[in-house]
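One-letter residues, chain by chain:
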Amino acid sequence: MHNHHLSIPLVSLTAVATTMIMLACTPSQQSEQNALSTPPVLLEAKKKPAETEQDTRLRAVTADDSITQEPLHKEHAARAIPSVPLYEDAAMPASTTYGAAVSLQSLRAPSEPVNRENYAHFDDNSVKLVAEAPVSTFSIDVDTGAYSNVRRMLNSGRLPVEDAVRVEELINYFSYDYPLPKNSKQPFAVTTEIGVSPWNPATHILHIGIKGYDVSRAALPASNLVFLVDVSGSMKSADKLGLLKSALKLLSRQMRDEDRISIVVYAGASGVVLEPVAGNESAKISQALDALSAGGRTNGAAGIRTGYQLAEQSFIKDGINRVILATDGDFNVGTVNFEALKDLVEEKRKSGISLTTLGFGTGNYNDHLMEQLADAGNGNYSYIDTLNEAQKVLVDEMSSTLNTIAKDVKIQLEFNPAVVAEYRLIGYENRALKREDFNNDKVDAGEIGAGHTVTALYEISLVSSNSKYVDPLRYSQALSKEAPHKNELALLRLRYKQPASSTSKLIEQPIQTADIENKLDKTSERFRFSASVAGFGQLLRGGKYTADYQYDNVLELARNARGKDAFGYRGEFISLVNLAKSLETSRVKG
């Protein structure tokens, strides 16, 4: 028997393969293929393009009469993800399409904008043993910028970075129905409530609420407002300068004849674009705002100096004197050092002029600077992500934003070690004060505007609780069963100054054990809704102290405590929680 070998000339094989490839190409691709004098050079192996399936089979036939099926490519046999050949830019065929090859040039181009947003790092407040540290002292905070900034991130399809979440600002974004003070001699009323914790039934939440007396818009003192507007190149986008103009127009339309508005701008340098005019000259104010355009670098310090100078020239005695800084906070020329900028604003506040900061934009946003400048300037901080937020801050809450009714407000709690074993303050990490700072009127603290509500929450473990984070000391002295004030859970102290005073006043209020409520559904709507917001903020920060509490638990609590929601803010909060739940990374199941 004779073995017959099929012999096919190499030239014929090449011709067949070439013909098949050309037939598979579109007419335009065929013309491009004919134009190529040499095959593309692969970066990875510096070889000719991989042979086709037809080439492989023809080679098999040449080797033997019987056709043997060879694996065409290892990746096909293993069903692995194929490696994509990288072509040198000059050698990449014009007919190459996405999925077939990737040019180096396409990889070199940025796939997403650089994120240079700046947030101050902080750790959650730790659990304190009452036996070791019975006193907690902090400054109040009425800023709300963290909430709208978190909302912006969630609506863009991503969870916020933990340092962007200041839980107290999420809680204080919402107003609560605390009773009003009886008169303006004491500018605010204090409310307390104690109920079981929603994330740990063995602990309790001590809820402290402050409500400032309200002032109608018509009864507000005359206002001297300086709009300090960043017109540098980084503000050139619709969510920055475009939104900023619309926001300030909303505020200017609320002004009266006795009010004064002026506009200072800054980029590489600063200048006055509108000298002080009557607040009701809306057309002139709008025209000046419309004429603004973005370009150049950002000398924020120069703008701040000019803004304060103009405010001093138009100072209204016994009136509202305030600089409103609107920017993304990306200062890059002049004074850019964080502490130096704070020192500048702290010095300027001695003139009796406050500073409000309005943050705009994404990508290069400097939240750290914006929040701290407002604190140093005896003002407030808001982040404007939508025109609706501008309406809330500058129109609906105009009295709270502009008119300060109490300054340097400090809170101090002394817990009774016979009743409370442990406590932790939820939020206010960057507002902590030393114990001795409470009585020191030289130490700066937060301001409250007309009609403002301020809420602070403590999680506490009672002595009788079986849920404690810290073991008691072995050699600590046992408390007497006849300890004084055994019916008191804590003593609440508040210090504040009238806006024109340099001497503080003291309020003291004991918190009774008889006020403890052990059923969550028996607590007030404001208690439960604020607790739901606190739970949400803690989850966004990693949930260090929330045990097995989940977004579903937050949703259930918030929905049942929504209450009156005239502007829909609480409904929007529920939507944000639901969105965060969807964005949360699910645990991979093995």
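Residues numbered from 1 in each chain as written. Predicted model: local features only at pLDDT ≥ 70, side-chain atom pairs only at ≥ 80, totals over all residues. Heavy atoms only, no water.

So, the pattern of salt bridges
Thinking step 1. This structure, assessed with the given rule, holds 27 salt bridges.
Thinking step 2. The salt bridge involving Glu169 is made with Arg166; its shortest N-O contact spans 2.6 Å. Accessibility assignment for this pair places Glu169 and Arg166 in one class, buried.
Thinking step 3. A single salt-bridge network, built from bridges that share partners, covers Asp141, Asp143, Asp375 and Arg431. (Salt bridge = Lys/Arg side-chain N within 4 Å of Asp/Glu carboxyl O. Buried < 20%, exposed > 50% of the residue type's maximum accessible area, 1.4 Å probe, protein only.)

With respect to the sheet that holds strand S14 (residues 420–426)
Thinking step 1. If you walk across this open sheet you meet the six strands as S3-S14-S16-S6-S5-S19, and the pairing is mixed. Two strands close off the open sheet at either side, each with one partner strand: strand S3 (128–129) and strand S19 (516–517).
Thinking step 2. Bridge count between strand S6 (residues 204–212) and strand S16 (residues 453–462): eight bridges; the pairing is antiparallel. Looking at S16, one finds that Ile208 is bridged to Ala456.
Thinking step 3. On top of the sheet, helix H15 (residues 525–540) reaches strand S5 (188–196), S6, S14 and S16; it is set at about 75 degrees to S5, its chief contact. (Pairing = 2+ DSSP bridges. Helix = DSSP H or I, 4+ residues; strand = E, 2+ residues; numbered from the N terminus. Contact = heavy atoms within 4.5 Å. Axes fitted to C-alpha atoms, helices over the stretch in contact; angles between N-to-C directions.)

Regarding the packing of helix H10 (residues 300–313) against helix H11 (residues 338–348)
Thinking step 1. As a packed pair, H10 and H11 sit with axes 11 Å apart at the nearest point and diverge in direction by 5 degrees. As summarised for this structure, H10 and H11 are arranged roughly parallel, according to the angle between their axes. Of the residues in H11, those in contact with Ala301, Ile304, Arg305 and Tyr308 of H10 are Leu341, Leu344, Val345 and Lys348. (Parallel < 35°, antiparallel > 145°, perpendicular 65-115°, else oblique.)

What to know about the confidence of the model for the protein chain
Thinking step 1. Per-residue confidence for the protein chain gives a mean pLDDT of 85; residues scoring 70 or more make up 79%.
Thinking step 2. Ignoring residues within four places in sequence, the model shows residues 26–49, a span with pLDDT below 50, making 27 contacts including any to other chains.
Thinking step 3. Every residue in residues 53–84 is under pLDDT 50, and counting partners more than four places away or in other chains gives 27 contacts. (pLDDT = per-residue confidence, 0-100.)

Looking at helix H9 (residues 282–290)
Thinking step 1. All of the buried residues in H9 are Ile285, Ser286, Ala288 and Leu289. In an axial view of H9, the angular spread of the buried residues amounts to 160 degrees, which keeps them on one side of the axis. Facing away from the buried side of H9, by more than 90 degrees, are the exposed residues Ala283 and Gln287. (Arc of directions from axis to C-beta.)

Here we look at the packing of aromatic side chains
Thinking step 1. In this structure the tally under the stated criterion is 21 aromatic pairs.
Thinking step 2. Look at Tyr176 and Tyr178: their rings are 5.9 Å apart centre to centre, the planes differ by 35 degrees, and that puts the pair in the tilted class.
Thinking step 3. Residue Tyr178 is classed as buried on the basis of its relative accessible area, which comes to 4%.
Thinking step 4. Ring centres of Phe567 and Tyr569 lie 5.6 Å apart, and the angle between their planes is 20 degrees; on these two criteria the pair is classed as stacked.
Thinking step 5. For Phe567, a relative accessible area of 57% puts it in the exposed group.
Thinking step 6. In this arrangement the basic side chain of Lys392 is found over the ring face of Tyr173, its NZ or CZ atom lying 4.0 Å from the centre. (Phe/Tyr/Trp six-rings, centres within 6.5 Å; stacked < 30°, edge-to-face > 60°. Lys NZ or Arg CZ within 6 Å of the ring centre and 35° of its normal.)

Topic: empty space enclosed by the protein
Thinking step 1. In this structure the tally under the stated criterion is five cavities of 30 Å³ or more.
Thinking step 2. Taken together, 13 residues make up the lining of the largest cavity; nearest its centre are Asp124, Arg424, Glu429, Gln538 and Tyr545.
Thinking step 3. Looking at which element gives the most residues to the lining of the largest cavity, the answer is S14, with three residues.
Thinking step 4. Residue composition of the lining of the largest cavity, grouped by class: four nonpolar, four polar and five charged. (1 Å grid on protein atoms, 1.4 Å probe; cavity = no way out; pocket = protein on both sides within 12 Å on 5 of 7 lines; lining within 4 Å. Points joined across faces, edges and corners; volume = space filled by probe spheres on them. Nonpolar A, V, L, I, M, F, W, Y, C, P; charged D, E, K, R; others polar.)

A look at helix H6 (residues 145–155)
Helical geometry: 3.6 residues make up each α-helical turn, so side chains three or four residues apart lie on a common side.
Thinking step 1. Among the eleven residues that make up H6, ten are buried, leaving the element largely enclosed by the rest of the structure.
Thinking step 2. Within H6, the full set of buried residues consists of Gly145, Ala146, Tyr147, Ser148, Asn149, Val150, Arg151, Arg152, Met153 and Leu154.
Thinking step 3. Elements that come into contact with the buried residues of H6 comprise helix H7 (167–171), helix H12 (367–376), strand S12 (381–383), helix H13 (387–396), H15 and helix H17 (569–583).
Thinking step 4. Looking one or two residues past H6, Gly157 carries a phi angle of roughly 95 degrees, positive in sign.

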